[in-house]
Amino acid sequence: MTGRITIMRDTSEVVDGRNETKSEEYFKCWCDVSDLLSTEKYAALQQSLEETAVFKVRRCAKTDAMRMHLKEFSVIYKGDSFDIYAMTPVENSTRYLLKCNRVS
């Protein structure tokens, strides 16, 4: 299934001696939405990652920049927010799989 996602970036800065986190839109892109494979789903359930989704996005400069800083990014899909816990290159490194866990 094809869908549109928004990737958000969380940045923090010190204001009046306190950390303030703000979330801003990093970019929007089209993706293929799928579920984990059976073995991956079993491993995710063991780690208490119950509501997971996989988004296949194309490789570009923005997704390459995300790779080393996954904790700063999250995905919004159909109004639901997902934390990214893994990013895997596929299809001869032309696409990435964003493995995400839904934020409750």
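Before going into details, it helps to say that this report is about the structure given with it. (Residues numbered from 1 in each chain as written. Predicted model: local features only at pLDDT ≥ 70, side-chain atom pairs only at ≥ 80, totals over all residues. Heavy atoms only, no water.)

**Points about the side chain of threonine 6**
So, step 1. Turning to its location among the elements, threonine 6 is positioned in strand β1 (residues 2-15).
So, step 2. Using a relative accessible area of 15% as the deciding quantity, one classes threonine 6 as buried.
So, step 3. Dropping the residues within four chain positions of it, threonine 6 is found in contact with Glu25, Phe27, Lys28, Ser74, Val75 and Ile76. (Helix = DSSP H or I, 4+ residues; strand = E, 2+ residues; numbered from the N terminus. Buried < 20%, exposed > 50% of the residue type's maximum accessible area, 1.4 Å probe, protein only. Contact = heavy atoms within 4.5 Å.)

**Remarks on the sheet that holds β1**
Strands in a sheet are paired, the pairing made by backbone hydrogen bonds, and the direction either parallel or antiparallel.
So, step 1. With respect to topology, six strands assemble into a closed barrel ordered β1-β2-β3-β6-β5-β4, the strand pairing being antiparallel. Sheet twist, expressed as the average angle between the axes of neighbouring strands with direction ignored, equals 40°.
So, step 2. Inspection of the sheet shows strand β2 (residues 18-34) paired to strand β3 (residues 52-58) by three bridges, in the antiparallel sense. Bridge assignment links aspartate 32 to a residue of β3, and that residue is lysine 56. (Pairing = 2+ DSSP bridges. Axes fitted to C-alpha atoms, helices over the stretch in contact; angles between N-to-C directions.)

**Quick notes on the environment of leucine 98**
So, step 1. Structurally, leucine 98 is set in strand β6 (residues 95-102).
So, step 2. Overall, leucine 98 belongs to the buried group, its relative accessible area being 0%.
So, step 3. Taking C-alpha positions, leucine 98 is 5.1 Å from phenylalanine 55, a pair spaced 43 residues apart along the chain.

**Some remarks on the pairing of strand β4 (residues 73-77)**
Moving residue by residue along a regular strand, the side chains alternate between the two faces of the sheet.
So, step 1. Most of β4 sits inside the fold, with four of its five residues counted as buried.
So, step 2. Here four bridges tie β1 to β4, and the two strands are oriented antiparallel to one another. Bridging from a neighbouring strand, arginine 9 pairs with phenylalanine 73 of β4.

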